[in-house]
Amino acid sequence: MDTNLPKSNHPRVVIIGCGFGGMRLAQSLKHDPVQVVVIDRHNYHNFQPLLYQVATGALEADSIAYPIRKIFAGQKNFFYRMADVEHVDTANNRVHTNIGEVSYDYLVVATGSLTNFFGIESIERNAMQIKSIPNALNLRSYIFQNFEKALLKEDPAQRQALMNIVVVGGGPTGVEISGSLAEMRRTVLPKDYPELDLKQMNIILVEAGPALLGPMSQKSQQEALRYLQELGVDVRLNTGIKRFEDCRAYYTETDFIPTENLIWAAGVNGAALPGLPEQVVTRNKRINVNSWNQVEGFENVFAIGDVANMVTDDMPKGMPMLAPVAQQQAEHLADNFRRMIRREQPVPFKYFNKGVMAIVARNKAVVDLPKDVHFRGFLGWLTWLFVHLMTLVGFRNKVVAFVDWAFSYFASDQALRLIIRPFNRRDMKDDKGKRAAEHQVATPQYNPTPPAIQTPAA
Ligand SMILES: Cc1cc2nc3c(=O)[nH]c(=O)nc-3n(C[C@H](O)[C@H](O)[C@H](O)COP(=O)(O)OP(=O)(O)OC[C@H]3O[C@@H](n4cnc5c(N)ncnc54)[C@H](O)[C@@H]3O)c2cc1C
(Lines give C-alpha, C1' and ligand atoms only; values in the text may rest on other atoms or scores of the structure.)
Protein backbone atom coordinates (compact mmCIF):
# COMPACT_ATOMS: atom_id res chain seq x y z
CA MET A 1 0.00 0.00 0.00
CA ASP A 2 1.41 3.38 -1.00
CA THR A 3 -0.52 5.44 1.60
CA ASN A 4 -2.57 7.04 -1.22
CA LEU A 5 0.15 9.34 -2.43
CA PRO A 6 -0.49 10.57 -5.98
CA LYS A 7 1.60 9.21 -8.86
CA SER A 8 4.02 11.69 -10.32
CA ASN A 9 6.29 11.88 -13.38
CA HIS A 10 8.89 13.46 -11.17
CA PRO A 11 11.22 11.57 -8.83
CA ARG A 12 9.89 11.25 -5.28
CA VAL A 13 12.02 12.58 -2.44
CA VAL A 14 10.84 11.14 0.87
CA ILE A 15 11.97 13.14 3.91
CA ILE A 16 11.58 11.48 7.31
CA GLY A 17 11.25 14.17 9.96
CA CYS A 18 10.00 17.74 9.77
CA GLY A 19 12.40 19.29 12.27
CA PHE A 20 14.89 22.00 11.40
CA GLY A 21 16.55 19.94 8.65
CA GLY A 22 13.54 18.20 7.09
CA MET A 23 11.43 21.35 7.01
CA ARG A 24 14.17 23.47 5.41
CA LEU A 25 14.89 20.80 2.78
CA ALA A 26 11.22 20.44 1.81
CA GLN A 27 10.94 24.25 1.53
CA SER A 28 14.13 24.46 -0.53
CA LEU A 29 12.75 21.96 -3.05
CA LYS A 30 9.58 24.00 -3.62
CA HIS A 31 10.31 24.91 -7.26
CA ASP A 32 12.16 21.75 -8.25
CA PRO A 33 10.84 18.98 -10.50
CA VAL A 34 10.46 16.50 -7.64
CA GLN A 35 7.58 15.21 -5.56
CA VAL A 36 8.35 15.97 -1.92
CA VAL A 37 6.83 13.62 0.67
CA VAL A 38 7.40 14.49 4.33
CA ILE A 39 6.65 11.93 7.03
CA ASP A 40 6.62 12.95 10.69
CA ARG A 41 4.97 11.39 13.71
CA HIS A 42 3.84 14.86 14.84
CA ASN A 43 1.74 17.16 12.70
CA TYR A 44 3.77 20.14 13.83
CA HIS A 45 7.30 21.49 13.67
CA ASN A 46 8.75 21.79 17.17
CA PHE A 47 11.14 24.64 17.94
CA GLN A 48 13.26 22.70 20.44
CA PRO A 49 15.55 25.53 21.64
CA LEU A 50 12.58 27.07 23.49
CA LEU A 51 11.24 23.87 25.04
CA TYR A 52 12.72 24.76 28.41
CA GLN A 53 10.65 27.95 28.42
CA VAL A 54 7.49 25.87 28.03
CA ALA A 55 8.72 23.63 30.84
CA THR A 56 9.18 26.57 33.18
CA GLY A 57 5.96 28.32 32.26
CA ALA A 58 7.52 31.22 30.36
CA LEU A 59 5.96 30.36 26.99
CA GLU A 60 2.85 28.60 25.78
CA ALA A 61 3.40 25.28 24.02
CA ASP A 62 1.46 26.56 21.00
CA SER A 63 3.91 29.38 20.45
CA ILE A 64 6.87 27.08 19.78
CA ALA A 65 5.05 24.65 17.49
CA TYR A 66 3.65 25.22 14.03
CA PRO A 67 1.36 22.92 11.99
CA ILE A 68 3.24 21.25 9.16
CA ARG A 69 0.36 21.54 6.72
CA LYS A 70 0.16 25.27 7.37
CA ILE A 71 3.90 25.75 6.80
CA PHE A 72 3.56 24.15 3.36
CA ALA A 73 0.16 25.48 2.33
CA GLY A 74 0.41 26.38 -1.36
CA GLN A 75 3.52 24.30 -2.09
CA LYS A 76 2.22 22.22 -4.99
CA ASN A 77 4.87 19.50 -5.00
CA PHE A 78 4.50 18.87 -1.23
CA PHE A 79 2.70 15.96 0.45
CA TYR A 80 2.60 15.07 4.13
CA ARG A 81 1.75 11.89 5.98
CA MET A 82 1.51 11.80 9.76
CA ALA A 83 3.16 8.49 10.56
CA ASP A 84 5.81 6.79 12.61
CA VAL A 85 8.54 5.30 10.45
CA GLU A 86 9.30 1.82 11.73
CA HIS A 87 12.07 0.79 9.37
CA VAL A 88 13.55 1.43 5.98
CA ASP A 89 13.95 -1.19 3.27
CA THR A 90 16.80 0.09 1.16
CA ALA A 91 16.81 -3.01 -1.08
CA ASN A 92 13.31 -2.14 -2.34
CA ASN A 93 13.42 1.64 -1.88
CA ARG A 94 10.57 1.59 0.63
CA VAL A 95 9.83 3.04 4.02
CA HIS A 96 7.62 1.06 6.39
CA THR A 97 5.40 3.12 8.65
CA ASN A 98 2.56 2.47 11.06
CA ILE A 99 0.10 3.58 8.35
CA GLY A 100 1.57 1.61 5.43
CA GLU A 101 4.49 1.74 3.02
CA VAL A 102 5.91 4.64 1.09
CA SER A 103 8.19 4.11 -1.88
CA TYR A 104 10.94 6.56 -2.74
CA ASP A 105 13.43 7.50 -5.43
CA TYR A 106 15.50 9.48 -2.95
CA LEU A 107 15.32 9.07 0.82
CA VAL A 108 16.44 11.69 3.33
CA VAL A 109 16.59 10.70 7.00
CA ALA A 110 16.14 13.82 9.16
CA THR A 111 14.93 12.18 12.36
CA GLY A 112 17.02 14.25 14.79
CA SER A 113 18.04 12.80 18.14
CA LEU A 114 16.75 11.06 21.26
CA THR A 115 17.74 11.51 24.90
CA ASN A 116 20.74 9.41 25.84
CA PHE A 117 20.34 7.87 29.30
CA PHE A 118 23.69 6.06 28.93
CA GLY A 119 21.96 2.78 29.74
CA ILE A 120 21.14 3.81 33.33
CA GLU A 121 17.80 2.14 33.73
CA SER A 122 16.74 3.87 36.97
CA ILE A 123 17.31 7.27 35.38
CA GLU A 124 15.50 6.34 32.18
CA ARG A 125 12.55 5.16 34.26
CA ASN A 126 12.35 7.98 36.80
CA ALA A 127 13.93 11.13 35.38
CA MET A 128 12.27 13.82 33.32
CA GLN A 129 13.63 14.71 29.92
CA ILE A 130 13.08 17.66 27.69
CA LYS A 131 12.99 16.65 24.04
CA SER A 132 9.38 17.18 23.05
CA ILE A 133 6.40 19.38 23.83
CA PRO A 134 4.65 16.66 25.88
CA ASN A 135 7.92 16.27 27.87
CA ALA A 136 8.00 20.02 28.56
CA LEU A 137 4.36 20.13 29.65
CA ASN A 138 4.89 17.08 31.85
CA LEU A 139 7.86 18.71 33.47
CA ARG A 140 5.96 21.91 34.22
CA SER A 141 2.97 20.05 35.65
CA TYR A 142 5.12 17.68 37.64
CA ILE A 143 7.12 20.41 39.35
CA PHE A 144 4.07 22.47 40.25
CA GLN A 145 2.24 19.38 41.41
CA ASN A 146 5.14 18.55 43.70
CA PHE A 147 4.85 22.01 45.21
CA GLU A 148 1.19 21.32 45.92
CA LYS A 149 2.24 18.05 47.55
CA ALA A 150 4.99 19.76 49.55
CA LEU A 151 2.35 21.92 51.24
CA LEU A 152 0.81 18.78 52.70
CA LYS A 153 3.98 17.34 54.22
CA GLU A 154 4.79 17.66 57.90
CA ASP A 155 8.21 16.03 57.58
CA PRO A 156 10.79 18.67 56.45
CA ALA A 157 12.93 16.04 54.70
CA GLN A 158 9.98 14.90 52.61
CA ARG A 159 8.98 18.47 51.85
CA GLN A 160 12.48 19.30 50.75
CA ALA A 161 12.72 16.29 48.46
CA LEU A 162 9.54 17.44 46.73
CA MET A 163 10.94 20.94 46.26
CA ASN A 164 14.54 20.13 45.36
CA ILE A 165 15.29 20.04 41.65
CA VAL A 166 18.37 18.34 40.26
CA VAL A 167 19.34 19.19 36.68
CA VAL A 168 21.89 16.85 35.14
CA GLY A 169 24.02 18.15 32.27
CA GLY A 170 25.77 21.51 32.09
CA GLY A 171 25.24 22.12 28.38
CA PRO A 172 23.01 24.94 27.12
CA THR A 173 19.78 23.11 28.01
CA GLY A 174 20.89 22.36 31.60
CA VAL A 175 22.19 25.89 32.12
CA GLU A 176 19.08 27.50 30.62
CA ILE A 177 16.62 25.42 32.60
CA SER A 178 18.54 25.88 35.88
CA GLY A 179 18.62 29.65 35.39
CA SER A 180 14.95 29.73 34.53
CA LEU A 181 14.00 27.66 37.59
CA ALA A 182 16.09 29.91 39.81
CA GLU A 183 14.24 32.94 38.46
CA MET A 184 10.95 31.20 39.07
CA ARG A 185 12.02 30.54 42.66
CA ARG A 186 12.76 34.24 43.09
CA THR A 187 9.78 35.78 41.31
CA VAL A 188 6.85 33.37 40.90
CA LEU A 189 6.98 30.86 43.73
CA PRO A 190 7.02 33.32 46.66
CA LYS A 191 3.73 34.76 45.38
CA ASP A 192 2.12 31.40 44.75
CA TYR A 193 3.39 29.51 47.78
CA PRO A 194 3.80 31.95 50.66
CA GLU A 195 3.30 29.03 53.05
CA LEU A 196 6.46 27.27 51.83
CA ASP A 197 9.93 28.18 52.97
CA LEU A 198 11.65 28.53 49.62
CA LYS A 199 15.08 28.56 51.24
CA GLN A 200 14.51 24.83 51.48
CA MET A 201 14.24 24.56 47.71
CA ASN A 202 17.59 23.75 46.14
CA ILE A 203 18.32 23.86 42.44
CA ILE A 204 21.36 21.72 41.86
CA LEU A 205 23.07 21.61 38.48
CA VAL A 206 25.31 18.59 38.13
CA GLU A 207 27.90 18.37 35.36
CA ALA A 208 30.28 15.46 34.85
CA GLY A 209 32.94 17.61 33.16
CA PRO A 210 35.11 20.38 34.60
CA ALA A 211 33.11 23.28 33.06
CA LEU A 212 29.63 24.33 32.01
CA LEU A 213 28.76 24.98 28.35
CA GLY A 214 31.48 22.63 27.06
CA PRO A 215 31.68 23.86 23.44
CA MET A 216 31.66 27.58 24.33
CA SER A 217 34.61 29.87 25.10
CA GLN A 218 36.19 29.83 28.54
CA LYS A 219 34.96 33.38 29.11
CA SER A 220 31.37 32.37 28.48
CA GLN A 221 31.73 29.25 30.60
CA GLN A 222 32.96 31.25 33.57
CA GLU A 223 30.37 33.96 33.08
CA ALA A 224 27.53 31.44 32.97
CA LEU A 225 28.83 29.81 36.15
CA ARG A 226 28.96 33.17 37.88
CA TYR A 227 25.42 34.06 36.76
CA LEU A 228 24.06 30.77 38.05
CA GLN A 229 25.83 31.11 41.37
CA GLU A 230 24.47 34.63 41.75
CA LEU A 231 21.01 33.19 41.24
CA GLY A 232 21.65 30.66 44.01
CA VAL A 233 22.03 27.58 41.81
CA ASP A 234 24.27 24.98 43.44
CA VAL A 235 26.58 24.04 40.55
CA ARG A 236 28.53 20.83 41.04
CA LEU A 237 31.19 20.23 38.43
CA ASN A 238 33.07 16.95 37.94
CA THR A 239 30.05 15.17 39.38
CA GLY A 240 27.89 12.53 37.77
CA ILE A 241 24.54 11.07 38.76
CA LYS A 242 24.91 7.32 38.87
CA ARG A 243 21.34 6.31 39.63
CA PHE A 244 18.02 7.80 40.61
CA GLU A 245 15.58 5.79 42.63
CA ASP A 246 13.37 6.16 45.68
CA CYS A 247 13.65 9.94 45.35
CA ARG A 248 17.41 9.86 45.70
CA ALA A 249 19.82 11.07 43.06
CA TYR A 250 23.05 9.19 43.84
CA TYR A 251 26.31 10.94 42.94
CA THR A 252 28.43 8.20 44.52
CA GLU A 253 27.45 4.67 45.48
CA THR A 254 26.14 5.94 48.83
CA ASP A 255 25.84 9.74 48.70
CA PHE A 256 22.70 11.20 47.26
CA ILE A 257 20.61 14.34 46.90
CA PRO A 258 17.05 13.83 48.10
CA THR A 259 14.75 14.86 45.27
CA GLU A 260 11.56 13.96 43.48
CA ASN A 261 12.57 16.06 40.48
CA LEU A 262 15.51 15.03 38.34
CA ILE A 263 15.80 16.62 34.91
CA TRP A 264 18.09 14.72 32.58
CA ALA A 265 19.79 16.98 30.04
CA ALA A 266 23.07 15.11 29.91
CA GLY A 267 23.21 13.99 26.32
CA VAL A 268 21.54 12.81 23.15
CA ASN A 269 21.95 10.03 20.63
CA GLY A 270 21.10 10.20 16.96
CA ALA A 271 17.69 8.77 16.04
CA ALA A 272 18.95 6.33 13.38
CA LEU A 273 16.23 4.12 11.93
CA PRO A 274 16.14 0.33 11.86
CA GLY A 275 16.82 -1.19 8.46
CA LEU A 276 20.05 0.66 7.73
CA PRO A 277 23.11 -1.58 7.74
CA GLU A 278 24.87 -1.76 11.11
CA GLN A 279 28.15 -0.52 9.67
CA VAL A 280 26.71 2.88 8.76
CA VAL A 281 25.32 3.52 12.26
CA THR A 282 27.73 4.83 14.90
CA ARG A 283 27.81 3.85 18.58
CA ASN A 284 25.73 6.90 19.44
CA LYS A 285 23.18 6.08 16.73
CA ARG A 286 24.16 8.63 14.14
CA ILE A 287 24.36 7.67 10.47
CA ASN A 288 27.72 7.96 8.71
CA VAL A 289 27.46 10.23 5.71
CA ASN A 290 29.98 11.57 3.21
CA SER A 291 30.67 15.25 2.70
CA TRP A 292 27.42 15.78 0.77
CA ASN A 293 25.23 13.90 3.27
CA GLN A 294 24.98 10.71 1.25
CA VAL A 295 24.79 7.62 3.47
CA GLU A 296 27.85 5.42 3.05
CA GLY A 297 27.24 2.73 0.43
CA PHE A 298 24.01 4.17 -1.01
CA GLU A 299 23.39 6.26 -4.12
CA ASN A 300 19.93 7.49 -3.15
CA VAL A 301 19.85 7.58 0.67
CA PHE A 302 20.88 10.71 2.59
CA ALA A 303 20.86 11.88 6.21
CA ILE A 304 20.95 15.46 7.52
CA GLY A 305 20.96 17.24 10.86
CA ASP A 306 21.46 15.66 14.27
CA VAL A 307 21.17 12.11 12.95
CA ALA A 308 23.92 12.59 10.34
CA ASN A 309 27.50 11.86 11.34
CA MET A 310 29.58 13.98 8.98
CA VAL A 311 33.24 13.91 9.91
CA THR A 312 35.50 16.55 8.41
CA ASP A 313 39.12 17.53 9.00
CA ASP A 314 38.10 20.45 11.21
CA MET A 315 35.35 18.44 12.96
CA PRO A 316 36.77 14.97 13.59
CA LYS A 317 33.97 14.11 16.03
CA GLY A 318 31.27 15.02 13.54
CA MET A 319 29.25 18.19 13.10
CA PRO A 320 27.66 19.60 16.28
CA MET A 321 24.01 18.77 16.90
CA LEU A 322 22.68 22.27 16.32
CA ALA A 323 19.77 23.72 14.40
CA PRO A 324 21.94 25.79 12.00
CA VAL A 325 23.89 22.66 11.00
CA ALA A 326 20.62 20.89 10.12
CA GLN A 327 19.32 23.90 8.19
CA GLN A 328 22.54 24.50 6.28
CA GLN A 329 22.88 20.80 5.38
CA ALA A 330 19.27 20.87 4.14
CA GLU A 331 19.87 23.84 1.86
CA HIS A 332 23.10 22.34 0.62
CA LEU A 333 21.49 18.98 -0.11
CA ALA A 334 18.73 20.72 -2.10
CA ASP A 335 21.45 22.35 -4.24
CA ASN A 336 23.15 18.99 -4.65
CA PHE A 337 19.86 17.34 -5.71
CA ARG A 338 19.69 19.93 -8.49
CA ARG A 339 23.26 19.12 -9.46
CA MET A 340 22.50 15.39 -9.47
CA ILE A 341 19.40 15.96 -11.64
CA ARG A 342 21.66 17.85 -14.07
CA ARG A 343 24.10 14.91 -13.80
CA GLU A 344 26.76 17.11 -12.24
CA GLN A 345 29.07 16.17 -9.39
CA PRO A 346 27.75 17.07 -5.87
CA VAL A 347 29.72 19.68 -3.92
CA PRO A 348 30.97 19.02 -0.33
CA PHE A 349 29.18 20.72 2.55
CA LYS A 350 30.94 23.41 4.56
CA TYR A 351 29.48 24.56 7.87
CA PHE A 352 29.27 28.28 8.40
CA ASN A 353 29.37 28.88 12.17
CA LYS A 354 27.38 32.00 12.95
CA GLY A 355 28.09 31.72 16.68
CA VAL A 356 26.60 30.11 19.77
CA MET A 357 24.76 31.53 22.73
CA ALA A 358 23.07 30.54 25.96
CA ILE A 359 20.69 32.44 28.20
CA VAL A 360 20.79 32.09 31.97
CA ALA A 361 18.13 34.53 33.14
CA ARG A 362 16.78 38.00 32.42
CA ASN A 363 19.63 40.32 31.40
CA LYS A 364 22.04 37.41 31.70
CA ALA A 365 23.20 35.60 28.57
CA VAL A 366 26.50 34.69 26.94
CA VAL A 367 27.25 34.93 23.23
CA ASP A 368 30.30 33.65 21.32
CA LEU A 369 30.68 34.88 17.75
CA PRO A 370 33.33 33.79 15.25
CA LYS A 371 36.72 35.52 15.39
CA ASP A 372 36.80 35.36 19.20
CA VAL A 373 34.07 37.93 19.73
CA HIS A 374 32.24 37.45 23.02
CA PHE A 375 29.63 39.46 24.78
CA ARG A 376 27.28 38.90 27.67
CA GLY A 377 24.81 40.50 30.06
CA PHE A 378 21.98 42.68 28.80
CA LEU A 379 23.36 42.86 25.24
CA GLY A 380 23.76 39.07 25.16
CA TRP A 381 20.24 38.66 26.50
CA LEU A 382 18.77 41.04 23.88
CA THR A 383 20.68 39.22 21.12
CA TRP A 384 19.39 35.87 22.33
CA LEU A 385 15.78 37.14 22.42
CA PHE A 386 16.05 38.71 18.98
CA VAL A 387 17.60 35.65 17.30
CA HIS A 388 15.06 33.27 18.83
CA LEU A 389 12.14 35.52 18.03
CA MET A 390 13.24 35.85 14.41
CA THR A 391 13.78 32.11 13.97
CA LEU A 392 10.44 31.05 15.47
CA VAL A 393 8.16 29.72 12.75
CA GLY A 394 5.00 31.76 12.04
CA PHE A 395 4.02 35.37 12.66
CA ARG A 396 1.51 34.48 15.39
CA ASN A 397 4.14 32.55 17.32
CA LYS A 398 6.55 35.49 17.16
CA VAL A 399 3.88 37.86 18.47
CA VAL A 400 2.74 35.52 21.26
CA ALA A 401 6.33 34.85 22.37
CA PHE A 402 7.13 38.56 22.33
CA VAL A 403 4.04 39.38 24.42
CA ASP A 404 4.79 36.56 26.91
CA TRP A 405 8.40 37.71 27.29
CA ALA A 406 7.44 41.37 27.65
CA PHE A 407 4.84 40.46 30.28
CA SER A 408 7.34 38.37 32.27
CA TYR A 409 9.98 41.08 32.02
CA PHE A 410 7.86 43.97 33.22
CA ALA A 411 5.64 42.06 35.66
CA SER A 412 8.42 39.77 36.99
CA ASP A 413 5.85 37.05 36.66
CA GLN A 414 4.88 34.17 34.41
CA ALA A 415 1.30 33.57 33.41
CA LEU A 416 1.63 29.87 32.76
CA ARG A 417 1.65 27.51 35.67
CA LEU A 418 -1.34 25.31 35.05
CA ILE A 419 -1.06 21.68 36.06
CA ILE A 420 -2.64 20.22 32.96
CA ARG A 421 -1.00 16.81 32.75
CA PRO A 422 -1.60 13.94 35.13
CA PHE A 423 0.90 13.32 37.88
CA ASN A 424 2.44 10.07 36.84
CA ARG A 425 5.96 9.28 35.79
CA ARG A 426 4.79 6.71 33.29
CA ASP A 427 3.56 9.60 31.12
CA MET A 428 7.11 10.84 30.84
CA LYS A 429 8.13 8.23 28.31
CA ASP A 430 9.96 9.52 25.29
CA ASP A 431 8.61 9.78 21.75
CA LYS A 432 9.23 6.14 21.10
CA GLY A 433 7.28 5.05 24.17
CA LYS A 434 10.35 3.24 25.44
CA ARG A 435 9.54 3.47 29.12
CA ALA A 436 7.75 0.67 30.89
CA ALA A 437 4.07 1.54 30.77
CA GLU A 438 3.40 -0.40 33.94
CA HIS A 439 5.90 1.61 35.96
CA GLN A 440 4.32 3.32 38.93
CA VAL A 441 5.58 6.36 40.76
CA ALA A 442 8.22 5.30 43.24
CA THR A 443 7.14 5.36 46.85
CA PRO A 444 9.28 8.01 48.51
CA GLN A 445 11.73 6.62 51.04
CA TYR A 446 13.91 9.08 52.78
CA ASN A 447 17.26 8.67 54.35
CA PRO A 448 16.84 9.67 58.00
CA THR A 449 19.99 11.77 57.76
CA PRO A 450 20.06 13.33 54.32
CA PRO A 451 23.40 14.87 53.33
CA ALA A 452 23.79 18.60 53.76
CA ILE A 453 22.84 20.58 50.72
CA GLN A 454 24.13 24.04 50.14
CA THR A 455 21.25 26.39 50.81
CA PRO A 456 21.08 29.36 48.45
CA ALA A 457 20.95 32.87 49.76
CA ALA A 458 17.41 34.14 50.19
C1 LIG B 1 15.94 21.38 24.79
C2 LIG B 1 16.77 21.64 23.57
C3 LIG B 1 17.36 22.88 23.37
C4 LIG B 1 18.12 23.14 22.24
N5 LIG B 1 18.69 24.38 22.08
C6 LIG B 1 19.35 24.65 20.94
C7 LIG B 1 19.85 25.97 20.70
O8 LIG B 1 19.72 26.86 21.54
N9 LIG B 1 20.49 26.21 19.52
C10 LIG B 1 20.65 25.24 18.57
O11 LIG B 1 21.20 25.50 17.50
N12 LIG B 1 20.20 23.98 18.78
C13 LIG B 1 19.54 23.68 19.92
N14 LIG B 1 19.05 22.42 20.13
C15 LIG B 1 19.35 21.38 19.13
C16 LIG B 1 18.43 21.53 17.92
O17 LIG B 1 17.09 21.56 18.34
C18 LIG B 1 18.70 20.35 17.00
O19 LIG B 1 20.04 20.40 16.60
C20 LIG B 1 17.79 20.39 15.78
O21 LIG B 1 16.45 20.27 16.17
C22 LIG B 1 18.17 19.27 14.82
O23 LIG B 1 17.32 19.32 13.72
P24 LIG B 1 16.94 17.97 12.98
O25 LIG B 1 16.14 18.39 11.79
O26 LIG B 1 18.13 17.14 12.76
O27 LIG B 1 16.00 17.17 13.99
P28 LIG B 1 14.73 17.61 14.81
O29 LIG B 1 14.52 19.07 14.76
O30 LIG B 1 14.85 16.95 16.12
O31 LIG B 1 13.53 16.93 14.01
C32 LIG B 1 13.37 15.55 13.91
C33 LIG B 1 11.94 15.28 13.47
O34 LIG B 1 11.85 13.91 13.11
C35 LIG B 1 10.65 13.35 13.59
N36 LIG B 1 10.89 11.92 13.75
C37 LIG B 1 11.92 11.33 14.40
N38 LIG B 1 11.85 10.00 14.26
C39 LIG B 1 10.76 9.74 13.51
C40 LIG B 1 10.16 8.54 13.04
N41 LIG B 1 10.70 7.34 13.29
N42 LIG B 1 9.02 8.63 12.33
C43 LIG B 1 8.46 9.84 12.06
N44 LIG B 1 9.00 11.00 12.46
C45 LIG B 1 10.13 10.96 13.19
C46 LIG B 1 10.42 14.08 14.92
O47 LIG B 1 9.05 14.06 15.27
C48 LIG B 1 10.92 15.50 14.58
O49 LIG B 1 9.88 16.31 14.11
C50 LIG B 1 18.29 22.12 21.26
C51 LIG B 1 17.69 20.88 21.45
C52 LIG B 1 16.93 20.64 22.59
C53 LIG B 1 16.29 19.30 22.78
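Worth saying up front: this structure is predicted, and the values here are computed from it rather than measured. (Residues numbered from 1 in each chain as written. Predicted model: local features only at pLDDT ≥ 70, side-chain atom pairs only at ≥ 80, totals over all residues. Heavy atoms only, no water.)

K.L.:
A description of the nonpolar core should follow, citing residues and the corresponding values.
P.N.:
Judged by nonpolar contacts, the single largest core of 65 residues is most densely connected at Ile64, Phe147, Ile177, Leu181 and Ile263. With 9 residues, helix α5 (residues 133–150) is the largest single contributor of residues to this core. Looking at which domains feed residues into this core, each of domain 1 (12–41 + 83–115 + 269–341) and domain 2 (121–261 + 362–428) gives three or more. Not counting the four nearest positions on each side in its chain, Ile263 is found in contact with Met128, Leu139, Ile143, Ile165, Val166, Val167, Val168, Ile177 and Leu181. Grouped together as the second largest cluster of nonpolar side chains are 31 residues, Val102, Ile287, Val301 and Tyr351 included. (Core = buried A, V, L, I, M, F, W, Y, C linked by side-chain atoms within 4.5 Å. Buried < 20%, exposed > 50% of the residue type's maximum accessible area, 1.4 Å probe, protein only. Helix = DSSP H or I, 4+ residues; strand = E, 2+ residues; numbered from the N terminus. Domains from an automatic or database assignment. Contact = heavy atoms within 4.5 Å.)

K.L.:
Explain the environment of Leu205 to me, using residue names and the numbers behind them.
P.N.:
Looking at the element boundaries, Leu205 is found in strand β12 (residues 203–206). Sequence spacing of Leu205 and Met319 is 114 residues, and the spatial spacing of their C-alpha atoms is 26 Å.

K.L.:
Run through the sheet that holds strand β16 (residues 256–258), naming residues and quoting values.
P.N.:
Across the sheet, 3 strands lie side by side as β14-β15-β16; this open sheet has antiparallel pairing. Every other strand in the sheet has two partners, leaving β14 (243–245) and β16 as the edge strands with one partner each. Between one strand axis and the next, the sheet turns through 15° on average, direction left out of account. Where strand β15 (residues 248–250) lies against β16, 3 bridges are found, and the strand directions are antiparallel. Of the residues in β16, the one forming a bridge with Ala249 is Ile257. (Pairing = 2+ DSSP bridges. Axes fitted to C-alpha atoms, helices over the stretch in contact; angles between N-to-C directions.)

K.L.:
How would you sum up the pairing of strand β22 (residues 356–361)? Please name residues and give values.
P.N.:
Residues in a regular strand project their side chains so that they alternate between the two faces of the sheet. Relative to strand β23 (residues 364–369), β22 runs antiparallel, the two sharing 5 bridges. Looking at the pairing, Ala361 lines up with Lys364 of β23. Between β22 and β23, which pair antiparallel in sequence order, lie 2 residues; one of them, Asn363, sits at a positive phi of approximately 65°.

K.L.:
I'd like a rundown of the domain arrangement of the protein chain, residues and numbers included.
P.N.:
Taken domain by domain, the protein chain consists of domain 1 (12–41 + 83–115 + 269–341) and domain 2 (121–261 + 362–428). Just the C-alpha atoms count here: the centres of domain 1 and domain 2 sit 32 Å apart.

K.L.:
Describe the packing of aromatic side chains, with residues and values.
P.N.:
Considering all chains together, one arrives at 9 aromatic pairs under this definition. Ring-pair connections join several aromatic residues into one group, and the members of that group are Tyr106, Phe302 and Phe337. Against the face of Tyr251 rests Arg236, its NZ or CZ located 5.6 Å from the ring centre. (Phe/Tyr/Trp six-rings, centres within 6.5 Å; stacked < 30°, edge-to-face > 60°. Lys NZ or Arg CZ within 6 Å of the ring centre and 35° of its normal.)

K.L.:
An account of the site of the ligand is requested, with residue identities and associated values reported.
P.N.:
Around the ligand, 27 residues are found, and the nearest of them are Gly21, Asp40, Gln48, Val85 and Asp306. Between the ligand and Phe20 there is a distance of 3.2 Å, counted from an oxygen atom to a backbone nitrogen or oxygen. Between the ligand and Met321, the relevant distance is 3.3 Å, taken from an oxygen atom to a main-chain nitrogen or oxygen of the residue. In isolation the ligand exposes 1000 Å². Once the protein is present, 90% of that is buried. A total of 3 residues in the shell around the ligand trace back to one element, the largest contributor, which is helix α10 (residues 323–341). Partitioning the shell around the ligand into residue classes produces 13 nonpolar, 9 polar and 5 charged. (Near = heavy atom within 4 Å. Polar contact = N/O pair within 3.5 Å; in protein donor to acceptor, adjacent residues only side chain to side chain. Areas by Shrake-Rupley, 256 points an atom, 1.4 Å probe, with all protein chains shown as cover. Nonpolar A, V, L, I, M, F, W, Y, C, P; charged D, E, K, R; others polar.)

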